[in-house]
Amino acid sequence: SQTIHQWPATLVQPVGSPLSLECTVEGTSNPNLYWYRQAAGRGLQLLFYSVGIGQISSEVPQNLSASRPQDRQFILSSKKLLLSDSGFYLCAWSVRPLNPYEQYFGPGTRLTVT
Amino acid sequence: AQKVTQAQTEISVVEKEDVTLDCVYETRDTTYYLFWYKQPPSGELVFLIRRNSFDEQNEISGRYSWNFQKSTSSFNFTITASQVVDSAVYFCALSNDYKLSFGAGTTVTVRA
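About the cut-offs
- Here the residue numbers are simple positions, counted from 1 along each chain's written sequence.
- Each chain is given a letter, starting from A, and each ligand a number, starting from 1, according to the order in which they appear as written.
- Local features in this predicted model are restricted to residues of pLDDT 70 or higher, and side-chain atom pairs are both shown and tallied only at a pLDDT of 80 or more, whereas totals for entire chains, interfaces and linings draw on every residue.
- The side-chain figures draw on all heavy atoms in the structure; neither hydrogens nor water molecules are used.
- Strands are runs of DSSP state E lasting at least 2 residues, helices are runs of H or I lasting at least 4, and numbering of each runs from the N terminus.
- Only the C-alpha atoms count toward the radius of gyration. The rule for a globule is 2.2 Å times the residue count to the power 0.38.
- In this analysis, two residues are considered to be in contact whenever any of their non-hydrogen atoms come within 4.5 Å of each other.
- Accessible-area loss on putting two parts together, using a 1.4 Å probe and summing over both, is the definition of buried area adopted here.
- Think of a salt bridge as a Lys or Arg side-chain nitrogen and an Asp or Glu carboxyl oxygen that are within 4 Å of each other.
- In the analysis that follows, any N or O atom pair within 3.5 Å is treated as a polar contact, provided that within protein one partner can donate a hydrogen and the other can accept it, and provided that, for residues neighboring in sequence, both atoms belong to side chains.
- Being paired, for any two strands, means DSSP has found at least two bridges between them.
- Convention adopted: a line fitted to C-alpha atoms gives each axis, helices being fitted over their contacting stretch, and angles between N-to-C directions are expressed from 0 to 180 degrees.
- A pair of cysteine sulfur atoms is labelled a disulfide when the two atoms are within 2.5 Å.
- Relative accessibility under 20% of the residue-type maximum defines a buried residue, over 50% an exposed one, and the middle range a partly exposed one, all with a 1.4 Å probe and only protein chains included.

A. Region of the structure containing the overall build of chain A. Scanning chain A from N- to C-terminus turns up 0 helices and 11 strands. Moving toward the C terminus, one meets the helices and strands of chain A in the order β-β-β-β-β-β-β-β-β-β-β. Against the globule reference of 13 Å for 114 residues, chain A gives a C-alpha radius of gyration of 13 Å, in line with a compact fold. Here the C-alpha coordinates of chain A stretch approximately 40 × 25 × 20 Å along the principal axes.

B. Molecular detail of the interface of chain A and chain B. Of the residues lining the interface, 22 residues belong to chain A; the matching set on chain B comes to 19 residues. Both faces combined, the contact of chain A with chain B buries some 1700 Å², and carbon together with sulfur accounts for 60% of it. Of all residues in chain A, A:Leu44, A:Tyr101 and A:Phe105 give up the largest surface area on contact with chain B, accounting jointly for 37% of the area buried on that side. Counting the contacts that link chain A with chain B gives 2 salt bridges. Residues A:Glu102 and B:Arg50 are paired through a salt bridge, measuring 3.5 Å at the closest nitrogen-oxygen approach. The interface formed by chain A and chain B contains 3 residue pairs in polar contact (both at pLDDT 80 or more). Those elements that provide at least two residues to the side of chain A that touches chain B are strand S4 (32–38), strand S5 (44–52), strand S9 (87–95) and strand S10 (99–105) of chain A.

C. Looking closely at the sheet that holds strand S3 (residues 19–26) of chain A. Residue and element names in this part refer to chain A. The antiparallel open sheet is built from 4 strands, whose spatial order is S1-S3-S8-S7. If you trace the sheet from one side to the other, it starts and ends with strand S1 (3–7) and strand S7 (64–70), each paired once. Taken pair by pair, the neighbouring strands of this sheet meet at an average axis angle of 20°, ignoring direction. Bridge analysis of S3 against strand S8 (residues 73–78) gives 6 bridges, and the strand direction is antiparallel. Pairing of Ser20 across the sheet is with Ser77, part of S8.

D. Spotlight on the state of the cysteines. Enumeration according to the criterion identifies 2 disulfides over all chains in this entry. Here A:Cys23 engages in a disulfide with A:Cys91; their sulfurs sit 2.0 Å apart. Given an S-S torsion of about -75°, the disulfide between A:Cys23 and A:Cys91 has left-handed geometry. Of the two residues, A:Cys23 is situated in strand S3 and A:Cys91 in strand S9; the sequence distance between them amounts to 68 residues. The exposure class of A:Cys91 is buried, given its relative accessible area of 0%. Linked covalently through their sulfurs, B:Cys23 and B:Cys92 form a disulfide whose S-S length is 1.9 Å.

E. Fine view of the environment of A:Cys91. For the pair formed by A:Cys91 and A:Val25, sequence separation is 66 residues and the distance between their alpha carbons is 9.6 Å. Not counting chain neighbours up to four residues away, the residues in contact with A:Cys91 comprise A:Ile4, A:Gln6, A:Cys23, A:Tyr34, A:Trp35, A:Tyr104, A:Phe105 and A:Gly106.

F. Spatial organisation of the side chain of A:Ser50. Residue and element names in this part refer to chain A. If you trace the backbone, Ser50 turns up in strand S5. Within polar-contact distance, the side chain of Ser50 engages the backbone oxygen of Gln55 at 2.6 Å. Of note is the side chain of Ser50, whose polar atom sits 3.1 Å from the side chain of Arg68.

G. Seen up close, unusual backbone geometry. Here the bond from A:Trp7 into A:Pro8 is cis, since omega is 0°, no more than 30 degrees from zero. Looking at the secondary structure, you find A:Pro8 in the loop between S1 and strand S2 (10–13). Of note in this structure, A:Asn30 is not a glycine but carries a positive phi near 55°. When you line up the elements, A:Asn30 lands in the loop between S3 and S4. Exposure remark for A:Asn30: the relative accessible area of 38% places this residue in the partly exposed category. Phi is positive for B:Ser73, which is not a glycine, with a value near 50°. A residue is classified by how much of its surface remains accessible, and B:Ser73, at 23% relative accessible area, is partly exposed.

Next comes the structure, spelled out in C-alpha cells:
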C-alpha cells in the first residue's frame, strides 16, 4: 500500500531563516506531487505541483520554491522566511494514469515563523 | 476559472442529529470531478469521495451520503446520526485536471 511521509511534523523558525520541508511517497511510482499551505482557520492553497523529476509548476508567486530531486521526493524550501509563511503545509500525491485527480495527503508540517 | 463555495463556516449539532454540508461549484468545463475531504483535529486530510460530472447518482456509504445535482451545481454531503468522532473540518473540492480547487471548509462540531 502507498504511504506518504512528511517531516518535520512541527517547526518553529525565526524570520529570515531558511526552510526545508521534505515529503516522500512509498509504494507507488511516477506520482504527481503537490504542496499546499493552509493558513490558520482557512482553506487550502496550492503552492506547487510536479508531474515528474525536475518538473515544477508554481501556482502562487512567493518566496518559496520546490524541487523534486527523485521520483518520490518533493522538497519545499525558502531562503528567508517571512511571518506570513506560517501555516500548515501539506504534501499530497496522486497516481497516473488511473486516478490523476484523486489526491492523498500526508500528515502535514505545522510551521510557525517568529 | 473554477470556484468552490462552502457557505457554512461552522455547524454545531448534538450527537445523533443529522447534518448536511452544502457545496456549490462553478466551472466552465463539461468534464470535472468533485471531492469531499475530512480534516480531523490531527490535521491530515482524509479522502471521502470522488464523483465525476457524468455520474449524478447519489451515493451512500454507511452514515455518509452525497447528493450531486448538476442542474444547481451542488454536491452536498450529509452525515446521518452524527457522532462525536465526526467533529472535523470538511472540504469540498473540484478538479478538471491534476489540480484541486478547495472550498474554505465547514467546521462541524458534534456535542455529546
